[in-house]
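Notes for the structure review
The lines below spell out each chain.
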Amino acid sequence: MKKWYQLDVEQVEQKLQVTTNRGLSSKQVDQRHKQYGYNVLESAKKQSRWIIFLKQFQDFMVLILLAATLIAGMLGEFVDAIAIMVIVLVNGVIGFFQEQKAEKSLEKLKELSAPLAHVYRDQKWERVLSRELVVGDVVKVTSGDRIPADIRIVQSNSLETEESALTGESLPVMKHATAITRDGLDAGDQVNMGFMGTLVTRGSGIGIVVGTGMNTVMGQIASLMSNTKKIPTPLERKLAELGKILIVVAILLTILVVGLGVIQGHPVYNMFLAGVSLAVAAIPEGLPAIVTVALSLGVQRMIRKKAIVRKLSAVETLGCASVICSDKTGTMTENQMTVKEMYVNGESITVTGDGYDIEGSFLLGNKKLTDEYPNLEKMLLYGQLCNNAELQVKKGKYMVDGDPTDGALLVAARKIGLNHLSRDNFHIVKEIPFDSDRKRMSIVVDDDNGQRFLITKGAPDVLLPRCNYVLDKDNRRILKQQDKDKIERAIDGMANKALRTIAISIRPLSKEMSLETAFLEKDLTFIGLYGMIDPPRKEVKAAIEECRQAGIKTVMITGDHVKTARAIAKELKLLPEDGMVLEGSQLNQMSTEELEDIIEDVYVFARVTPEHKLKIVKAFQSRGHIVAMTGDGVNDAPAIKASDIGISMGISGTDVTKEASSLVLMDDNFATIKAAIQEGRNIYENIRKFIRYLLASNVGEILVMLFAMLLGMPLPLVPVQILWVNLVTDGLPAMALGLDKPEDDVMKRTPRSPNEGVFARGLGYKIITRGILIGIVTLIAFMVTYQNNPENLVYAQTVAFTTLVMAQLIHVFDCRSEVSVFDRNPFGNIYLVLAVLSSVLLLLVVIYWAPLQPIFHTVSLGLRDWLLILGLGAIPTVLFGFTRK
Ligand SMILES: Nc1ncnc2c1ncn2[C@@H]1O[C@H](COP(=O)(O)OP(=O)(O)OP(=O)(O)O)[C@@H](O)[C@H]1O
Ligand SMILES: [Ca+2]
């Protein structure tokens with residue numbers, strides 16, 4: 001049987017019952033889905049709920065507790081054993097739900113960032129999830145795409161792919177549509193095939209899907225199926241390290257307390273259980289898990305703000321960003337181009353009309369021009385031919401499918417009466433696609449009379465040096481210096497008005513001439529210039545200002561003309577009076593060191609190629625900056641990877657840049673970067689809040705016990721109480737802190753240093769001071785009650801237990817602010833209020849519900865006890881609320 005690459009396009013079409021110019025019908029697609037399934041690689045099975053539930057019990061601390069239960073049980077202390085079991089179980093259930101929540105939010109993320117394919121069905125181009133593709137689908141791939149399935153190429157425009165994922169060969173392969181007769185070719189030699197998972201590095205092409213899912217070459221290479229492992233974020237790693245230290249501290253403390261207790265004459269069994277409970281209290285085992293939950297909840301909030309986080313660690317790094325390097329076109333601007341001016345025959349023409357609407361006319365001074373005016377229609381026609389966009393009408397409005405720059409040229413051509421039919425008189429022989437490095441695009445066409453010529457359009461400063469002639473009215477003549485000067489002035493004039501400039505030129509060719517790219521784009525005849533407006537997005541100016549107040553510098557990077565870039569930067573108030581604008585050519589001449597010396601003063605990089613971006617990232621990084629860098633094209637990937645926060649575009653971005661990035665902007669909008677940074681800072685602050693809360697609580701618990709042992713007193717808390725506080729009542733308020741709203745000034749502070757430790761910015765001090773006070777007030781409550789009722793230890797222990805819990809639950813409101821509890825409305829976080837209420841309720845149940853009293857060693861308390869408890873419990877928070885330290 002012949003292989004796909006050996007068949008002609010017609011044979012492939014026949015075999016798969018599809019024609020390239022119609023595509024599959026939706027009926028066929030449905031049927032093939034049923035028959036062959038979806039275009040997915042089978043990945044590792046998902047963990048079952050039971051496994052996730054059981055995993056909650058494999059923690060080191062939980063295992064110790066279970067061992068303690070066993071010992072308690074063997075010693076006949078069944079009440080203790082059951083109590084511990086129940087607490088462990090409740091803790092496990094809470095952990096299970098947290099993990100499920102985190103899991104769900106990450107699942108959603110995966111769905112959102114699933115790749116799309118450009119497919120032709122029912123004679124319409126549409127975008128569908130790549131997994132929806134079936135054999136026979138006609139798909140288009142363009143530079144930057146990952147090929148969504150195995151395809152037989154049927155049309156290639158300088159299509160090149162990089163197949164290292166498959167063949168290990170990283171040099172691009174040229175692809176074409178002709179059948180190959182040879183037998184037994186490796187994937188790498190099948191140059192009329194495109195393979196799932198490989199990259200389009202240049203040009204574009206159309207192919208018919210011949211293999212999907214596990215039936216692709218990629219599907220057969222099982223080893224390539226990466227089982228994505230969750231990599232811990234820097235903070236999670238720091239906390240894990242902290243956890244190790246705390247284990248040692250906990251063990252030492254436990255030995256100390258147990259030793260002291262035994263010396264003071266407490267029963268060994270009591271002290272053993274107290275020791276175990278204290279060890280559990282000292283180790284914030286749950287912290288990394290809550291951090292993960294907080295991060296993934298943050299991820300969900302970011303999704304709502306149209307920012308998709310691809311790496312969890314980016315959530316943290318975002319808060320450290322000190323420089324944002326952003327593309328201009330499409331990110332800071334609307335990417336809705338409209339031709340406003342033209343320059344032809346040495347004269348400037350105004351073009352009226354707005355957006356992509358096709359109403360508009362051409363004015364020379366006050367005179368309305370028609371197609372009589374020399375070269376106007378010709379120029380518009382060339383702009384329409386050398387073009388990859390498509391004008392569509394959706395809901396009565398004109399829309400552009402493709403590059404907006406190209407779209408603007410189509411709209412301009414419409415204004416003089418040219419439409420898609422005008423293209424039919426020309427046959428396109430060759431196309432050299434546009435890319436940001438070349439900054440130009442060319443096509444070779446044959447017209448109806450068999451005349452062949454080249455049309456090149458692109459950045460004027462790139463084209464002009466390649467022009468030797470100029471078309472002036474009816475006369476083609478040598479391009480003289482004075483013509484050039486005049487054109488330059490016209491370019492400057494447009495650019496100063498923030499217009500993007502495009503030059504257009506042609507070259508007559510004879511049919512014998514070689515079509516090698518290297519020989520084509522020279523000896524051109526200059527026809528004219530277009531000046532098009534791309535208005536800034538309206539929310540960007542405010543976003544740049546907010547970033548400035550947050551100590552974040554915004555830098556514009558663009559392939560556009562310096563003057564255009566400068567004009568827009570001024571409009572956005574991005575460029576200060578003394579700010580510098582650098583050009584790509586200047587960058588080339590600078591050494592890395594020279595660039596580092598001045599880079600703090602540079603706000604705009606113009607006429608740069610993607611390669612320059614890497615140099616810019618490195619220079620900022622060497623000045624100690626944390627750099628966020630945006631990009632959309634294939635060649636942007638290295639810079640995105642090198643930056644600290646790589647940002648790609650959800651709408652216009654290529655698969656390659658998306659894969660390299662850690663953040664995807666669903667709306668391509670600069671303002672979304674700001675929102676994401678704000679959210680990133682907020683999430684980090686919230687994590688600090690609950691670290692502070694949990695650790696201060698732990699310090700309090702340990703100190704009560706330690707002080708009591710040192711003073712030769714009875715145990716102020718029984719082990720089950722310590723466990724209950726740690727594993728049950730603390731959890732919900734901590735989670736609620738993770739959902740807190742930001743403080744008003746999060747975007748008024750300077751960015752945080754990525755090296756900052758867990759206890760930086762006074763957090764350690766706060767934990768220790770609050771912890772000590774919580775410990776002291778609990779001890780006082782215990783001592784006062786015990787002194788008055790020396791015969792009733794359980795009563796005093798209940799008061800101590802309640803004071804500890806209440807002190808913590810009051811302190812949790814203090815954790816919402818970096819300065820003082822009085823700075824914010826303490827009840828501003830409804831989740832926190834509810835969490836605290838439910839913790840109080842749990843506490844009341846344990847104290848007042850008779851069946852639980854023997855288990856938790858509690859008795860019912862009276863009003864006077866509560867006055868003592870609340871009075872003492874409020875002290876740590878109120879006191880530090882006044883000192884504001
Ligand atoms: N489709 C196109 N065909 C021909 N020339 C183009 C096309 N698009 C842009 N150009 C020219 O190439 C120049 C650079 O465009 P490029 O797309 O690299 O940068 P940009 O989109 O302005 O910048 P960025 O997206 O990095 O902010 C433009 O100023 C324009 O003159
Ligand atoms: Ca605790």
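Residues numbered from 1 in each chain as written. Chains lettered and ligands numbered in written order. Predicted model: local features only at pLDDT ≥ 70, side-chain atom pairs only at ≥ 80, totals over all residues. Heavy atoms only, no water.

What counts is decided by this rule: UniProt positions are given in the numbering used here, feature names are shortened, and annotations may be inferred rather than shown by experiment.
Labelled according to an unreviewed UniProt entry, the protein chain appears under the name Calcium-translocating P-type ATPase, SERCA-type, originating from Ornithinibacillus hominis. As its UniProt record puts it under Catalytic activity (unreviewed entry), the protein chain is described as follows: "Ca(2+)(in) + ATP + H2O = Ca(2+)(out) + ADP + phosphate + H(+)". UniProt annotates the protein chain under Sequence similarities (unreviewed entry) with the comment "Belongs to the cation transport ATPase (P-type) (TC 3.A.3) family. Type IIA subfamily."

**Focus: the overall build of the protein chain**
What counts is decided by this rule: A run of H or I in DSSP becomes a helix once it reaches four residues, and a run of E becomes a strand once it reaches two; helices and strands are each numbered from the N terminus. When a residue's accessible area, from a 1.4 Å probe over protein chains only, is under 20% of the maximum for its type it is buried; when over 50% it is exposed; and in between it is partly exposed. In this description, contact between two residues means that some pair of their heavy atoms is separated by no more than 4.5 Å. Exposure was quantified through the Shrake-Rupley algorithm and a 1.4 Å probe, taking into account, for residues, occlusion by the shown protein chains and nothing else. Note that His is not counted, nor are the chain ends; the positive residues are Lys and Arg, and the negative ones are Asp and Glu. In plain terms, the charge of a residue is placed at NZ if it is Lys, CZ if Arg, CG if Asp and CD if Glu.
A count of helical and extended segments in the protein chain gives 31 helices and 28 strands. C-alpha extents for the protein chain along the principal axes are approximately 115 × 70 × 50 Å. The proportion of buried residues among the 885 residues of the protein chain is 55%. Considering only contacts in the protein chain between residues 6 or more positions apart, those separated by 24 or more positions represent 70%. Surface accessibility of the protein chain: about 38500 Å² in total, with carbon and sulfur atoms responsible for 57%. When the 99 basic and 98 acidic side-chain charges of the protein chain are each reduced to a single mean position, those positions are 2 Å apart.

**Structural notes on unusual backbone geometry**
A positive phi is found at Asp122, a non-glycine position, where the angle reads about 50°. Structurally, Asp122 is set in the loop between strand 1 (116–121) and strand 2 (124–129). What makes Asp122 partly exposed here is its relative accessible area of 35%. Although it is not a glycine, Asn375 adopts a positive phi angle of roughly 70°.

**Overview of the sheet that holds strand 28 (residues 663–665)**
We apply this condition: At least two DSSP bridges between two strands are needed for those strands to be called paired. Angular values range over 0 to 180 degrees, each being the angle between N-to-C directions of two axes fitted as lines to C-alpha atoms, with helices fitted over their stretch in contact.
Strand order in the open sheet formed by eight strands is 8-28-27-26-9-23-25-24, and the pairing between neighbours is mixed. What marks the edges here is a single partner per strand, and that holds for strand 8 (307–309) and strand 24 (580–583). Along the sheet, successive strands turn relative to each other by an average axial angle of 20°, direction set aside. Here strand 24 runs beside strand 25 (residues 602–606); their pairing, made up of four bridges, is parallel. Bridging from a neighbouring strand, Met580 pairs with Val602 of strand 25. Strand contacts of helix 24 (residues 670–710): strand 8, strand 9 (323–327), strand 23 (553–557), strand 26 (627–631), strand 27 (645–649) and strand 28, with the helix running at about 155° to strand 9, the strand carrying the most contacts.

**Topic: the coordination of the calcium ion (ligand 2)**
Note on metal geometry: ideal angles are 109.5 degrees for four donors arranged tetrahedrally and 90 or 180 degrees for six donors arranged octahedrally. Convention followed: Counted as coordinating are nitrogen, oxygen and sulfur atoms within 2.8 Å of the metal, or 3.2 Å for Na, K and Ca, while water is not included, which may make sites look incomplete.
Asn698 (OD1), Asn726 (OD1) and Asp730 (OD) make up the full set of protein donors to the calcium ion (ligand 2), lying at 1.9 to 3.1 Å. Mapped onto the polypeptide sequence, the residues donating to the calcium ion (ligand 2) form the spacing pattern N-x27-N-x3-D. With respect to class, Asn726 is no different from Asp730; both count as buried.

**Overview of the site of ligand 1**
For clarity, the cut-off: Only a single heavy atom is needed: when it lies within 4 Å of a molecule or strand, its residue is near that molecule or strand. Whenever a nitrogen or oxygen atom comes within 3.5 Å of another N or O atom, the pair is scored as a polar contact, on the condition that within protein one atom can donate a hydrogen and the other can accept it, and that pairs from neighbouring residues in sequence are kept only if both atoms are in side chains. Nonpolar residues are Ala, Val, Leu, Ile, Met, Phe, Trp, Tyr, Cys and Pro. Charged residues are Asp, Glu, Lys and Arg, and all others, Gly as well, are polar.
In the vicinity of ligand 1 there are 20 residues, among which Lys328, Asp403, Arg500, Thr501 and Asp560 approach most closely. Here an oxygen atom of ligand 1 sits 3.3 Å away from a polar atom, N or O, in the side chain of Thr558. One of the side-chain nitrogen or oxygen atoms of Asp560 is found 2.6 Å away from an oxygen atom of ligand 1. A total of 620 Å² of accessible area belongs to ligand 1 in isolation, and the protein chains cover 93% of it. Within the residue set of the shell around ligand 1, elements represented by two or more residues are helix 13 (404–415), strand 18 (452–458) and strand 21 (500–509). Of the residues forming the shell around ligand 1, the biggest block, three residues, is contributed by strand 21. Counted by class, the shell around ligand 1 contains four nonpolar, seven polar and nine charged residues.

**Let's talk about empty space enclosed by the protein**
Selection criterion: Cavities and pockets were defined on a 1 Å grid built from protein atoms only: a cavity is a group of points that admits a 1.4 Å probe but offers it no way out, a pocket is an open group of points flanked by protein on both sides within 12 Å along at least five of seven lines, and a lining residue is one with an atom within 4 Å of any such point. Grid points are joined across faces, edges and corners, and a volume is the space filled by probe spheres set on the points.
In the structure shown here, the tally under the stated rule is one cavity of 30 Å³ or more. Empty space within the largest cavity amounts to approximately 50 Å³. In this structure, the largest cavity is lined by Glu685, Arg688, Lys689, Arg692, Glu743, Leu763, Cys815, Arg816, Ser817 and Glu818. Top contributing element to the lining of the largest cavity by residue count: helix 24, with four residues.

**Observations concerning the side chain of Asp534**
Basically, it comes down to this: In the sections that follow, a salt bridge refers to a side-chain nitrogen of Lys or Arg positioned within 4 Å of a carboxyl oxygen of Asp or Glu.
Within the secondary structure layout, Asp534 lies in the loop between strand 22 (524–533) and helix 17 (540–549). Although Asp534 lies buried, it forms no salt bridge, and the closest oppositely charged side chain, Lys328, sits 4.9 Å away as judged by the N-O distance. Of the polar contacts made by the side chain of Asp534, one reaches the side chain of Thr333; its length is 2.4 Å. Looking at Asp534, its side chain comes within polar contact range of the main-chain nitrogen of Asn335, at 2.8 Å.

**A look at a nonpolar patch on the surface**
The line we're drawing: Each patch groups residues whose relative accessible area exceeds 30% and which form no salt bridge, using 9 Å between like charges and 5 Å between nonpolar side chains of Val, Leu, Ile, Met, Phe, Trp and Tyr.
A cluster of nonpolar residues, Ile768, Ile772, Ile776, Ile780 and Val784, forms a patch on the protein surface that exposes about 340 Å² of accessible area. Within the element layout of this structure, Ile768 appears in helix 27 (residues 763–788). Look at Ile768 and you get partly exposed, because its relative accessible area is 44%.

**Let's talk about the nonpolar core**
Threshold: Residues belong to one nonpolar core when they are buried, are Ala, Val, Leu, Ile, Met, Phe, Trp, Tyr or Cys, and are joined through side-chain atoms within 4.5 Å. An automatic or database domain assignment supplies the residue ranges for each domain.
Counting residues in hydrophobic clusters, the biggest one holds 154 residues, and the most contacted among them are Met556, Leu574, Val604, Ile687, Phe690 and Ile691. It is helix 24 that contributes the most residues to this core, 21 residues altogether. Residues from two domains meet in this core; each of domain 2 (236–302 + 677–746 + 756–883) and domain 3 (307–333 + 537–663) gives at least three. Contacts of Ile687, omitting those with residues within four sequence positions, involve Leu235, Val291, Ala294 and Leu295. Ranked by size, the runner-up nonpolar core spans 35 residues in total, among them Leu409, Leu418, Ile504 and Met532.

**A short note on the layout of surface pockets**
Leftover empty space is mapped by rolling, across the atoms, a probe with the size of a water molecule. Of the volumes computed, that of the second largest pocket is approximately 390 Å³. Around the second largest pocket, the lining is made up of 20 residues, and of these Lys3, Trp4, Asp150, Gln190 and Val217 lie nearest the centre. Contributing elements (two or more residues each) for the lining of the second largest pocket: strand 7 (199–211) and helix 7 (217–220). Considered class by class, the residues forming the lining of the second largest pocket number nine nonpolar, six polar and five charged.

**Remarks on helix 31 (residues 863–883)**
Convention followed: Here a helix's expected span is defined as the number of its residues, less one, multiplied by 1.5 Å. The angle separating two fitted axes, one through the seven residues that finish at a residue and one through the seven that start at it, defines the bend at that residue.
The terminal C-alpha atoms of helix 31 lie 30 Å apart, and with 21 residues this matches the ideal 30 Å at 1.5 Å per residue to within 8%. Ile875 marks where helix 31 bends most, by close to 40°; the proline Pro876 follows one to four residues later. Within the span of helix 31, buried status applies to Asp865, Trp866, Ile869, Leu872, Gly873, Pro876, Thr877, Phe880 and Gly881. Elements in contact with the buried residues of helix 31: helix 27, helix 28 (793–814) and helix 29 (830–848).

**Some thoughts on the packing of helix 27 against helix 31**
Operational definition: Under this scheme an angle from 65 to 115 degrees is roughly perpendicular, one under 35 degrees roughly parallel, and one over 145 degrees roughly antiparallel; angles in between are oblique. Two helices that cross are described as forming a left-handed crossing if the nearer one is turned anticlockwise from the farther one by less than a right angle, and a right-handed crossing if clockwise.
Where helix 27 meets helix 31, the closest approach of the two axes is 9 Å, and the angle between their N-to-C directions is 160°. Relative to helix 31, the element helix 27 lies roughly antiparallel. Crossing geometry of helix 27 relative to helix 31 is assigned as right-handed. Contacts from Tyr765, Thr769, Arg770, Leu773, Ile774, Val777, Ile780, Ala781 and Thr785 of helix 27 reach helix 31 at Leu868, Leu872, Ile875, Pro876, Leu879 and Phe880. Its residues assigned to classes, the contact of helix 27 with helix 31 shows 12 nonpolar, two polar and one charged.

**Comments concerning the state of the cysteines**
Quick reminder of the rule: When two cysteine sulfur atoms are found within 2.5 Å, that pair is recorded as a disulfide.
Under the definition given, this model contains zero disulfides. Free of any disulfide, Cys320 has its nearest neighbouring cysteine sulfur in Cys547, separated by 15 Å. The thiol of Cys467 is unpaired, and the distance to the nearest cysteine sulfur, on Cys386, comes to 13 Å. Residue Cys467 is classed as buried on the basis of its relative accessible area, which comes to 2%.

**Quick notes on the environment of Glu347**
Along the chain, Glu347 falls in strand 11 (residues 347–351). In sequence terms Glu347 and Ile487 are 140 residues apart; their C-alpha atoms lie 9.8 Å from each other. The contact partners of Glu347, leaving out residues within four places of it in the chain, are Met342, Leu364, Tyr373 and Lys473. A polar contact is formed between the side chain of Glu347 and the side chain of Tyr373, at a distance of 2.5 Å.

**Digging into the confidence of the model for the protein chain**
Low-pLDDT portions of the prediction should not be read for the details of their coordinates. Operational definition: In predicted models, pLDDT denotes the confidence assigned by the predictor to each residue on a 0 to 100 scale.
Of all residues in the protein chain, 97% have pLDDT values of 70 or greater, and the mean over the chain is 89. Contacts of residues 222–229 to residues separated by more than four positions or lying in other chains number five contacts, the stretch itself having pLDDT below 50. Reported confidence for the predicted complex is 0.95 by ipTM and 0.84 by pTM.

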